[in-house]
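Now for the letters of each chain:
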Amino acid sequence: QVQLVESGGGLVQAGGSLRLSCAASGRTFSRLSMGWFRQAPGKEREFVAAVERDVAGPISWSGSSTYYADSVKGRFTISRDNAKNTVYLQMNSLKPDDTAVYYCAAVDFLSGVRLMSSAIYGYWGQGTQVTVSS
C-alpha cells in the first residue's frame, strides 16, 4: 500500500504562485511514477502533470521524464525528491481557472504517456484545495 499526503494548497490572487507537496510512504519512492490531477466543482477530474519513476535508483535525480497538460505548460513544474519521498508541483502565474482540488497519485512501474490517464493510478491522496481569486 502507498499512502499519499498532499499539502500546500490555499488561497492566492491571480498571477501568484503556490507549491504543492505530496509525501509518499509505503513503497520505494523511486519505483513510483507520480501524477497531479485536479477537479473543479461540476467538472471531471483532469490531468495536470506527471513525472516518471526514477529508474536510476534511490538517489535524487532530475532526469525523469515529465508530462504536462497543455493548459499548464510553461506555468507549472513537477519535480521529485527521492531522498524526501516527495513530489512537488510548483504553480506560477495562477489563473482563476486553476481553482480546483488538486490530487496526488502514484503508480508502480508504469511510465510514458500513459501517466496522463487517471485510470492507471492505483493510489490517491485526499486532495488539497487551491483557490485563485481574480
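Preceding this section is the structure that the text describes.
In this report, we go over the structure that sits alongside the text. None of the values given here were measured: they were computed from a predicted structure. (Residues numbered from 1 in each chain as written. Predicted model: local features only at pLDDT ≥ 70, side-chain atom pairs only at ≥ 80, totals over all residues. Heavy atoms only, no water.)

**Quick notes on the packing of aromatic side chains**
Now for step 1: The tally for this structure, following the rule as stated, stands at four aromatic pairs.
Now for step 2: Taken together, Phe-37, Phe-47, Tyr-121 and Trp-124 form an aromatic cluster joined through their ring pairs.
Now for step 3: Against the face of Tyr-103 rests Arg-45, its NZ or CZ located 3.9 Å from the ring centre.
Now for step 4: Between Arg-80 and the ring centre of Phe-29, over which it is positioned, the NZ or CZ distance is 4.5 Å. (Phe/Tyr/Trp six-rings, centres within 6.5 Å; stacked < 30°, edge-to-face > 60°. Lys NZ or Arg CZ within 6 Å of the ring centre and 35° of its normal.)

**As for the sheet that holds strand E3 (residues 18–25)**
Now for step 1: Taken together, the four strands give an open sheet; going across it, the order is E1-E3-E8-E7, and neighbouring strands pair in antiparallel fashion. In this open sheet, the two strands that pair with only one neighbour each are strand E1 (3–7) and strand E7 (76–81). Direction aside, neighbouring strands of the sheet carry axes that sit 15° apart on average.
Now for step 2: Bridge count between E1 and E3: five bridges; the pairing is antiparallel. The residue of E3 that forms the bridge with Ser-7 is Ser-21. (Pairing = 2+ DSSP bridges. Helix = DSSP H or I, 4+ residues; strand = E, 2+ residues; numbered from the N terminus. Axes fitted to C-alpha atoms, helices over the stretch in contact; angles between N-to-C directions.)

**Thoughts on the state of the cysteines**
Such a bond, covalent and formed between the sulfur atoms of two cysteines, is termed a disulfide.
Now for step 1: Per the stated rule, a full pass over the model turns up one disulfide.
Now for step 2: Across a sulfur-sulfur distance of 2.1 Å, Cys-22 and Cys-104 are joined as a disulfide pair. With the S-S bond torsion at -80°, the cross-link from Cys-22 to Cys-104 turns out left-handed. With Cys-22 in strand E3 and Cys-104 in strand E9 (residues 100–108), this pair connects stretches of sequence that are 82 residues apart. Across the pair, exposure class does not vary: Cys-22 and Cys-104 are buried alike. (Disulfide = S-S within 2.5 Å. Buried < 20%, exposed > 50% of the residue type's maximum accessible area, 1.4 Å probe, protein only.)

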